[in-house]
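Below are the chains, spelled out letter by letter.
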Amino acid sequence: MKNKETRLNIALQKSGRLSEKSFELLSKCGLELAQGKRSLICRSQELPVDVLLLRDDDVPTFVSEGVCDIGIVGQNVLLEETLGTKEGENLETVMELGFSGCRLSIALPKEKEYNSLEDIKGCKLATTYPKILQNFLDKNKINAMAVKMEGSVEIAPSLGLADGICDIVSSGATLEAHGLVEVEKIFQSQAVLVGRKNMSVEKRAILVTILERIKGVRAAAKSKYVMLNAPKSKLKDICALLPGSESPTIIPLADENKVAVHAVCLEPVFWSTMESLKSAGATSVLILPIEKMLV
Ligand code: ATP
Ligand code: MG
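As the structure is a computational prediction, the values presented were derived from the model and not from experiment. (Residues numbered from 1 in each chain as written. Chains lettered and ligands numbered in written order. Predicted model: local features only at pLDDT ≥ 70, side-chain atom pairs only at ≥ 80, totals over all residues.)

Visitor: When you look at the overall build of the protein in this model, what are you seeing that I'm missing?
Guide: Helices and strands together make up the secondary structure of the protein, namely 8 helices and 15 strands. Here the C-alpha radius of gyration of the protein, 25 Å, is well above what a compact globule of 295 residues would show, namely 19 Å. In terms of principal-axis extent, the alpha carbons of the protein reach across some 80 × 70 × 35 Å. When burial is assessed residue by residue, the protein has 32% of its 295 residues classed as buried. (Helix = DSSP H or I, 4+ residues; strand = E, 2+ residues; numbered from the N terminus. Rg over C-alpha atoms; globule rule 2.2 N^0.38 Å. Buried ≥ 20, exposed ≤ 12 C-beta atoms within 10 Å, placed from the backbone.)

Next comes the structure, spelled out in structure tokens:
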């Protein structure tokens, strides 16, 4: 009998604030999903990978139960789902992904005076993250109560359901619209790749390929390909201005006094950098995006 092919199962959020960036990342890694985003299981043609589309809260459970091998989830959800459970023992953060950054904060109605954590003693705080909140309160020896709500947490104080809230904040606009003020940041979050600790050698090999590609995608996103012409006499000064470039390629030009410089810059190239290059004598400065990079 033919051996069943080993495939790596990846759990992604079906739709929401993580899904678009997650799909984009996989697509840049060469994992175009054949069935599109509608079906719950998508197969990749290029690598032995299947993708399951879930609610983000289910990602940690699917990975720890072994239905999926890795998944993309916010650290906030990962911590809430695993705090004080056996589930967390099977899981490890394989890579921080740097997108969907947000923070979990305590916010109070703007009329309420706030000087220190002491001021929330005895308060009821509405939250979708009762375990993270309780953990924070216990660590700070504050006796307050977490009231679990699944959504629309920000309306709880005006309805008299709670004295304040503990919720995800990114710009703060939602809080402001509900007359709330952020008073304590309790957890900083971003999207992470979470994996099961005990993975077979075959699966880990597929994971390593994906991780290398993700590193390449992230390095390429930050990097630029710079091309410019430089008078030979100014070459040293001009090369010193190129941000994060190792050893530029120097190409002779028809004009013997000049050379072309090509360099991969691993750091952002700002307008001010281009202006400095021009002041140093560079001409025809071109900055090009890099699509892929194997580092
Ligand atoms: P699901 O239907 O899958 O359960 P959800 O409604 O629980 O989705 P989303 O609002 O899509 O969750 O947010 C998913 C994750 O994105 C959050 O857990 C958090 O890590 C991150 N996130 C939430 N709000 C923001 C934001 N304003 N900016 C950036 N990232 C955010
Ligand atoms: Mg959710």
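Don't stop here, the text continues.
Visitor: Sorry, what's going on with the domain arrangement of the protein here?
Guide: How big an interface is tends to be stated in terms of accessible area lost as the parts join. Domain parsing of the protein yields domain 1 (8-100 + 191-220), domain 2 (102-188) and domain 3 (223-289). The C-alpha centroid of domain 3 is placed 51 Å from the C-alpha centroid of domain 2. (Domains from an automatic or database assignment.)

Visitor: Even after reading the chapter, I still don't get the site of ligand 1, so can you show me in this structure?
Guide: Around ligand 1 sit 15 residues, and of these Gly-16, Arg-17, Asp-56, Gly-74 and Ser-170 come closest. In the shell around ligand 1, the residues fall into 4 nonpolar, 7 polar and 4 charged. When we break the shell around ligand 1 down by domain, the ones giving at least three residues each are domain 1 (8-100 + 191-220) and domain 2 (102-188). (Near = placed C-beta within 6 Å. Nonpolar A, V, L, I, M, F, W, Y, C, P; charged D, E, K, R; others polar.)

Visitor: Explain the UniProt feature "domain: Histidine biosynthesis HisG C-terminal" (unreviewed entry) in the protein here, please?
Guide: Listed under "domain: Histidine biosynthesis HisG C-terminal" (unreviewed entry) in the UniProt record, and renumbered for this structure, are residues 220-292. The span residues 220-292 carries 26% helix and 37% strand; its end-to-end C-alpha distance comes to 6 Å. (UniProt positions renumbered as here; feature names shortened; annotations may be inferred.)

Visitor: It is not clear to me how the UniProt feature "domain: ATP phosphoribosyltransferase catalytic" (unreviewed entry) in the protein should be interpreted in this structure. Could you clarify?
Guide: UniProt annotation of "domain: ATP phosphoribosyltransferase catalytic" (unreviewed entry) refers to residues 55-216 when read in the numbering used here. In residues 55-216, the share of helix is 28% and the share of strand is 30%. The end C-alpha atoms are 28 Å apart.

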